[in-house]
Amino acid sequence: MLSDSLAKEFEAIVGKENVFTSEADRQNYAYDSCVWTPRIPGGVVRPTNTEQLGPIINLCYKEGLPMTVRGAGTNLSGGTIPDTTDTIVILTTALNRILEINEEDLYAIVEPGVITAPMAAKIASKGLFYPPDPGSMSVSTIGGNVAENSGGLRGLKYGTTKDYVMGMEVYANTGDLVRCGSRCVKCATGYAISPLLVGSEGTLAVTSQVTLKLVPPPKASKAMMALFPDMQSASKAVAAIISAHVVPCTLEFLDHATINYVEDYVKIGLPRDAGAMLLVEVDGHPAQVEDDAVVVEKVLKDCGSTEVVVAKDAAQKKNIWEARRVAIPALARAKPTFMMEDVTVPRSKIPAMIAGLEKIAKDRNVTIATFGHAGDGNLHPGILCDKRDKQEWARVELAVDDLFNLGLELKGTLSGEHGIGLAKKQWLEQETSRGSIMFSRRLRNAFDPKGLFNPEKIVGARG
Amino acid sequence: MDGGRLSIRHWGWSMNDLTRLANSLMALDDKLVSCMKCGFCQAFCPVFDETGEEGDVTRGKIALVENLAHLVIQDPEAVYERLSRCLLCGGCNFSCPAGAPTMEIFLEARAIVVSYLGLSPIKKAIFRTLLPNPRLFSTLMKLSSPFQGLFIKKDNSPQNTACVPMFKAFIGERHIPMLSKKTLSAKVGTRDTPAGKSGLKVAFFPGCMGDKIYTDMAEACLKVFEHHGVGVYMPDNQACCGIPALTSGDLKSFGKLSAYNLDLFAQGKFDYIVTPCSSCTATIKEHWQNAEDLTSAQRAFARTLGEKAMDINAFLVDVLKVTPPEGAGQGKIKVTYHESCHLMKSLRVSKQPKDIIKMNKDYQLVPMKEADHCCGCGGTFTLTQPELSAKIGQRKRDNIVASGAEVVAMGCPACMMQISDMLARNHDSVKVKHTIEIYADSLS
């Protein structure tokens, strides 16, 4: 726990009301949304303006205190769980100003604690579009989205957070302000530092400002739902849609198990024997949308869909999306513990991955239901269990190991959008190489020689 | 509040006591574990909205209760303090992706922790002496009503509130509603009229505020029943529904109040029990049947009564089929509607009150931004957390004023009190009305 004298030094920077040291307060920043052992930090500091970040970092660096920067704490890989009982949690929730939305040059400049969905809504009210839509966007912060390179449903056509970061301002280990990138579409000035910072999970610097690219919104969209007897034919349809040169803005799937959990929960008449469901939405110019929808409908039918529904209006579109919208609530209600992974494989490997997951569930005697972003191969295998049942939990841990091994065998990647954090560290070398780990550590060492920025995350700072 | 908190040593607590407390909390384990820590409640919590502190949002509170149950934290007062910083608005319960029963968790955890820490003396006096004693409560009110002019200063606000300089230390800058000269029960007495043309008879539960403060509103309800030929059973010695005791964790008093009211209503014959207060409706519907120390007959009756409990707006629209005419709601007086938490999030009543407003052709319903954001009252929350309550209330007030309405309507007297206070503090001219008052005004 933070000593009284150190607490006073932090109070001198951010004010007494923004330093939290009580047992209860510290316990509230010991966890995030990841199913992982919490660790109670030494103290919590909440800056109210970005200029306070430099002095906070200086003080931590002088005292050798590890730092974990936290926004909404919705991380799914343990990225915001403190590493040591000395850790200072730097809370960004009060750094929540939208500094500019520029309608002429199509960018927005925001502080790291700005919440994604309200920001996107404000941008939309000005007739512009910020596409990344991570599942937690109603509460997640931009700082967190950037640190994790968050994705979302629109990844296939619109990309992920990394594709929208034009520039950043961050504070370095020395407490200095570092400016990188620009508000210009083109920028060849110096090292491209912000792309390196995106997805660095708080291990390189502390973000104080982000310049985000905005785009004009699509003028029209059309949603379709298709049922398939098996995952194989659904996956064929996904490949065929892309081969037909249509890039849907969202292309989601639910597997057999998920369909049944959804039906248990909302009873909307989904066929219990369906092997897979695809949800496709195309957007763009109205004429293009009409053309694309015709192509997609034909492809879905040609690939053996047993039922295709095309939404005729907004109400029908909402109905079509209902199954996907309630997928997480349905799975989360089924058992006390719901663990959601984000292993990602090349699109063509989805059927093999789903078949493999079914085998793992059977072999390890655990329950797995999978849904996800079929268009970009980003799967969300959900493991349904009760972490209080020690025997079941041991089987779950084995199943998770199998699941990552399988994903890597299929030339996939450990994480499509949740990051490595603490939870996926142990498989990282398997995906990359010993050299990659050492290279990453040397890189990290250049940014943070004392290893105090979220030290245990990704590759660890030492070893 | 912090200054009055005593550390565990001062309470003379032993590890033994703590272990017993932890064991009691383990009864909640199945409910606690259903929170998957996704943190989505941050989007729905009015308290978190103001403070941004994890300990103020549902996930944070549940984590602390869990930690207390596992003795990770050994400071029950700190946990109780966090638990009391909650409006029990039900926003998280309504929206939780994992379906965690957050309201049940909060009510049960408060009760368990209070049973170890003890109830504050003032709450004890009110819950255990005043509320279960309708005659005493009414007598006190009767005595104080004529004298209220002596110590409270009517502020001549359009909300008909008053400030109380003498009690500033206790109620702060609050503008409180004027007490009615005569309570509803004193004015009307016991009423027992047969079903009229509707063929229906209701038990009417005006609630404490309908009886003692918003008496005109309660009378408007009676007028509406009469207009629709609905018979009324209204005994004049009803006790408080018990929600202040329940939310403060005083299950003993809540049990007594529930049993008293159950015995009272068991004497009448009626098709529905109707209230103009969404908190009372929710309590009768969901909580009386779970009150402690009920006889099996009382509990069985409480279940039947729960099924018959209805908000008055829902009763009028869903049962009596009151329907606004085509193109209604184009009158001159602009009115905006506040979605009370218990009405919308517990009872899921939202369309019906707006239909009831539209029944008066003089009014025009205009939208309010964040209409479903809590007003900040939260029952005893407004007394224990006055600053937070006022901050949340100010946001509601700003949205009401921005709507451009002359009248703000709602279906909950507690919200009426809070919103009147906030408008009076800002010297606004917006009037506060219950939806039923607007409808009753249109009936000759």
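Rules behind the numbers
Position numbers for residues count from 1 along each chain, tracking the sequence in the order it is written. Naming scheme: in the order in which they are written, chains are lettered from A and ligands are numbered from 1. For a predicted model such as this one, the threshold for reporting local features is a pLDDT of at least 70, and the threshold for listing and counting side-chain atom pairs is 80 or more; totals across whole chains, interfaces and linings nevertheless cover every residue. To get the side-chain values, all heavy atoms of the structure are used, and hydrogens and water are removed first. Per the convention used, a helix needs a DSSP run of H or I reaching at least four residues, while a strand needs a run of E reaching at least two, with both numbered from the N terminus. Using a 1.4 Å probe on the protein chains alone, a residue whose accessible area is under 20% of its type maximum counts as buried, one over 50% counts as exposed, and one in between counts as partly exposed. The criterion used for residue contact is that any of the two residues' heavy atoms lie within 4.5 Å. The term buried area denotes the loss of accessible surface (1.4 Å probe radius) that occurs when two parts are joined, taken as the sum for both partners. Any Lys or Arg side-chain nitrogen located within 4 Å of an Asp or Glu carboxyl oxygen qualifies as a salt bridge. Any N or O atom pair separated by 3.5 Å or less is treated as a polar contact, with the protein-specific requirement of one donor-capable and one acceptor-capable atom, and with residues adjacent in sequence counted only for side-chain atom pairs. Amino acids are sorted into nonpolar (Ala, Val, Leu, Ile, Met, Phe, Trp, Tyr, Cys and Pro), charged (Asp, Glu, Lys and Arg) and polar (every other residue, Gly among them). Note that domain bounds follow an automatic or database assignment of domains. Two strands make a pair as long as DSSP finds a minimum of two bridges between them. Lines fitted to C-alpha atoms define the axes, with helix axes restricted to the stretch in contact, and inter-axis angles between N-to-C directions lie between 0 and 180 degrees. For Phe, Tyr and Trp, rings pair up if their centres lie within 6.5 Å, where Trp contributes its six-membered ring, and each pair is then called stacked (planes under 30 degrees apart), edge-to-face (over 60) or tilted (otherwise). Whether a charge sits over a ring comes down to the Lys NZ or Arg CZ being within 6 Å of the ring centre and within 35 degrees of the ring normal.

> Looking at this model, I keep getting lost on the overall build of chain A. Mind explaining?
Within chain A, the secondary structure is distributed over 16 helices and 16 strands. By its C-alpha atoms, chain A is 70 × 60 × 40 Å across when sized along the principal axes. By the burial criterion, 58% of the 463 residues in chain A qualify as buried. Of the contacts made within chain A by residues no fewer than 6 positions apart, 71% connect residues no fewer than 24 positions apart.

> How do you make sense of the interface of chain B and chain A when you look at a structure like this?
Reports often express the size of an interface as the amount of accessible area lost when the parts come together. Facing the 31 residues of chain B at the interface are 29 residues of chain A. Taking both partners together, chain B and chain A bury about 2200 Å²; carbon and sulfur atoms supply 51% of that area. In this assembly, chain B and chain A are joined by 5 salt bridges. Of the charged contacts, one joins Asp-30 of chain B and Arg-388 of chain A as a salt bridge, the two residues approaching to 2.9 Å between their closest N and O atoms. Inspection of the region where chain B meets chain A yields 16 residue pairs in polar contact (both at pLDDT 80 or more). For the side of chain B that touches chain A, the elements supplying multiple residues, two or more each, are helix H2 (29–32), helix H4 (58–69) and helix H5 (76–84) of chain B. With 5 residues, the top contributor of residues to the side of chain B that touches chain A is H4 of chain B. Across the side of chain B that touches chain A, the residue classes break down as 13 nonpolar, 10 polar and 8 charged.

> Can you help me understand the domain arrangement of chain A in this one?
When its domains are assigned, chain A resolves into domain 1 (4–91), domain 2 (98–213) and domain 3 (220–328). Between the C-alpha centres of domain 1 of chain A and domain 3 of chain A there is a distance of 44 Å.

> Where do I start with the sheet that holds strand E11 (residues 407–410) of chain B in this structure?
Consider a sheet: its strands pair through backbone hydrogen bonds, and that pairing is either parallel or antiparallel. All names here are of chain B. Reading across the sheet, the 4 strands line up as E10-E9-E11-E12 and stay open at both edges, with parallel pairing between neighbours. Strand pairing shows two members of the sheet lacking a second neighbour, strand E10 (363–366) and strand E12 (431–434), which therefore form its edges. Neighbour-to-neighbour, the strand axes of this sheet turn through a mean angle of 35°, independent of strand direction. In terms of strand pairing, strand E9 (residues 333–337) meets E10 through 4 bridges, oriented parallel. Bridge pairing in E10 places Val-335 opposite Leu-365. Relative to E12, helix H23 (residues 413–425) is tilted by about 175°, and along the sheet it contacts E11 and E12.

> Mind showing me how you'd approach helix H18 (residues 312–319) of chain B here?
Residues and elements named next belong to chain B. Across the 8 residues that make up H18, a large majority, 6, are buried. Listed in full, the buried residues belonging to H18 are Ile-312, Asn-313, Ala-314, Phe-315, Leu-316 and Val-317. For H18, the capping residue at the N-terminal end is Asp-311, with a side-chain oxygen 2.9 Å from the backbone nitrogen of Asn-313. A positive phi of about 60° marks Lys-321, the residue just after H18.

> I'm lost on the packing of aromatic side chains in this one. Help?
A ring pair, where both rings are aromatic, is described by two values, the distance of the centres and the angle of the planes. Enumeration according to the criterion identifies 12 aromatic pairs over all chains in this entry. With a centroid separation of 6.2 Å and 80° between ring planes, the pair formed by Tyr-233 of chain B and Phe-265 of chain B is classed as edge-to-face. In this pair, Tyr-233 of chain B sits in strand E6 (residues 230–234) while Phe-265 of chain B sits in helix H15 (residues 251–265), placing the two residues 32 residues apart along the sequence. Looking at Tyr-233 of chain B, the relative accessible area reads 6%, which means it is buried. Residue classification places Phe-265 of chain B among the buried residues on the basis of a relative accessible area of 0%. It is Arg-70 of chain A that lies over the ring of Tyr-31 of chain A; its NZ or CZ is 5.8 Å from the centre. Note that Lys-213 of chain A overlies the ring of Tyr-164 of chain A, its terminal NZ or CZ placed 5.3 Å from the centroid.

> Honestly, the domain arrangement of chain B in this entry has me stumped. Any pointers?
Residues and elements named next belong to chain B. The domain boundaries assigned to chain B delineate domain 1 (2–118), domain 2 (184–319) and domain 3 (333–441). Counting residues at the interface gives 6 residues for domain 1 and 6 residues for domain 2. The junction of domain 1 with domain 2 conceals about 460 Å² of combined surface from both sides, 68% of it contributed by carbon and sulfur atoms. For the domain 1 face of the interface with domain 2, the top three residues by lost area are Leu-107, Arg-110 and Ala-111, together amounting to 72%. Put simply, domain 1 and domain 2 have 1 residue pair in polar contact (both at pLDDT 80 or more) between them.

> What's the story with the environment of Ala-297 of chain B in this structure? I'm lost.
All names here are of chain B. With respect to the secondary-structure elements, Ala-297 resides in helix H17 (residues 296–308). Ala-297 gets classed as exposed once you look at its relative accessible area, which sits at 55%. As a C-alpha pair, Ala-297 and Asp-155 span 142 residues in sequence and 49 Å in three-dimensional space.

> Before we go on, may I ask you to explain the pattern of salt bridges in this structure?
If the charged atoms of two oppositely charged side chains come close together, the side chains can form a pair. Counted under the stated rule, the structure contains 46 salt bridges over all chains. Residue Arg-183 of chain A pairs with Glu-100 of chain A through a salt bridge whose shortest N-O separation is 3.5 Å. One end of the pair, Arg-183 of chain A, is in the loop between strand E8 (177–181) and helix H7 (194–197); the other, Glu-100 of chain A, is in strand E5 (residues 98–102), and 83 residues separate them in sequence. According to the relative accessible area criterion, Glu-100 of chain A is partly exposed, its value standing at 26%. Beyond isolated ion pairs, a larger network of salt bridges with shared partners links Asp-25 and Arg-46 of chain A together with Glu-53, Asp-56, Arg-82 and Arg-85 of chain B.

> Honestly, the sheet that holds strand E1 (residues 19–20) of chain A in this entry has me stumped. Any pointers?
Residues and elements named next belong to chain A. Strand order in the open sheet made by the 4 strands is E1-E2-E4-E3, with mixed pairing throughout. Because the sheet does not close on itself, it has two edges, and the strands there are E1 and strand E3 (67–70). Relative to strand E4 (residues 88–91), strand E2 (residues 43–45) is paired through 3 bridges, and the arrangement is parallel. By the bridge assignment, Val-45 is partnered in E4 with Ile-90.

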